[in-house]
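So you can see what is in the structure, the chains are spelled out below.
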Amino acid sequence: MKIIVLGGHGFVGQSVMEELQNKRCSPIALSRRDGFDLLNYEAARARLVELCPDVIINCAAHSGSLHYVTEFAADVVHDNMQMILNTYKLVSEVCPRARVINPMSNCSYPGAATIHKESEWWDGPVHDSVLAYGNTKRLLYVVSRCYQMQRGISSINFLVPNCYGPGDHTDPNKTHALDGMIIRMLQSKREGQREFEIWGTGLPMREWIYVKDLAQMLCDAVSLTEDLVYPINIAQNKAHSIRETAEMIASLIGYNGKLVFNTKYPDGAPVKILDDRLFRERFPEFQFTDIAQGLRETVKYYQAKLEA
């Protein structure tokens, strides 16, 4: 079986590649680092004709921090929609028997939702802070469903909570939220700052997933015998407040400064917890990494990267 990982050198893609290699597969990573650009349809088509994969794990995305996807909203929505459309057109023309596996951010849930249930995914607009990124993930489902209806293209779609772990950017403006907090707090400790500012009240609840757990689930999906076009959550049904998460990070890195919450900035959605009923029905044996262990590994990674 030939497996390619789009965005295979990125944050999630690296962990997917490692997990597949641990399973004794021989995946192929494709990204701009290899000269593979999903925004260049003809060049991408030529490469895919050469490879003709059986499975595509689609980790390619134009993303960044909450502030990044707001500031560059037009670029984010354009690039992600173009990559989605090109991916499915390529599969349809070049390798129509291939299966596409898509992780989709839970920011695509309604901004007012608390417990994120798959049946309520469309029940309201996404939060305005993720207007560009969240809506492209909804449209990823629409595109995959339409290509299944007309062309018989196979897809598996998952809704994924906030991801963290080793391998993310070292620029806090381009990282996922939790990794960005680790980077900034390590910098604050190194510079001897007595206060560490966090935007908002610290009260919002967030469910986090360790990147290696996400990679394992995406790789396990390769062996599924059925499509999952309407997405299901990869969920633990467990969340931690921003304040609690910051306190855990401070303890791990030995930061003794004061955590200051700047309430002039909005909190965003108050709660993001993914309902795990459907996930547990389908994957009852799946084990998630405890957040304390995941944070330890992530802190060690960034200590090494930032001190190198």
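All values derive from a computational prediction rather than experimental measurement. (Residues numbered from 1 in each chain as written. Predicted model: local features only at pLDDT ≥ 70, side-chain atom pairs only at ≥ 80, totals over all residues. Heavy atoms only, no water.)

With that settled, consider the sheet that holds strand β11 (residues 228-233). Taking strand neighbours across the sheet as the criterion, the six strands line up as β2-β1-β3-β4-β6-β11 in an open arrangement whose pairing is parallel. In this open sheet, the two strands that pair with only one neighbour each are β2 (28-30) and β11. Going from strand to strand, the sheet's axes swing by 20° on average, the running direction of each strand aside. Across seven bridges, strand β4 (residues 99-105) lies against strand β6 (residues 154-160) in parallel orientation. Pairing of Arg99 across the sheet is with Ser154, part of β6. Helix α4 (residues 73-94) rests against β1 (3-6), β3 (55-58), β4 and β6 of the sheet, and its axis sits at about 170° to β4. (Pairing = 2+ DSSP bridges. Helix = DSSP H or I, 4+ residues; strand = E, 2+ residues; numbered from the N terminus. Axes fitted to C-alpha atoms, helices over the stretch in contact; angles between N-to-C directions. Contact = heavy atoms within 4.5 Å.)

What follows is about the pattern of salt bridges. A full pass over the atoms with the stated rule returns ten salt bridges. Among the ionic pairs, Lys212 bridges to Glu18, the shortest N-O distance being 3.5 Å. Here Glu18 lies in helix α1 (residues 11-22) and Lys212 lies in helix α7 (residues 211-220), a separation of 194 residues in the sequence. On the basis of relative accessible area, Lys212 is assigned to the partly exposed category, the value being 31%. Under the relative-accessibility criterion, Glu18 is labelled partly exposed at 40%. Lys23 serves as the salt-bridge partner of Glu19, at 3.8 Å between the closest nitrogen and oxygen. (Salt bridge = Lys/Arg side-chain N within 4 Å of Asp/Glu carboxyl O. Buried < 20%, exposed > 50% of the residue type's maximum accessible area, 1.4 Å probe, protein only.)

Enumeration over the complete set of coordinates arrives at 16 aromatic pairs. Ring centres 5.8 Å apart and planes at 80° place the aromatic pair Phe279 and Phe286 in the edge-to-face group. Judged by its relative accessible area of 0%, Phe279 is buried. For Phe286, a relative accessible area of 6% corresponds to the buried category. With a centroid separation of 4.9 Å and 70° between ring planes, the pair formed by Phe286 and Phe288 is classed as edge-to-face. Each member of the pair, Phe286 as well as Phe288, is classed as buried. Connected via pairs of aromatic rings, a cluster forms that spans Phe158, Phe279, Phe283, Phe286 and Phe288. Here the basic side chain of Lys89 rests over the ring of Tyr41, its NZ or CZ set 4.8 Å away from the ring centre. (Phe/Tyr/Trp six-rings, centres within 6.5 Å; stacked < 30°, edge-to-face > 60°. Lys NZ or Arg CZ within 6 Å of the ring centre and 35° of its normal.)

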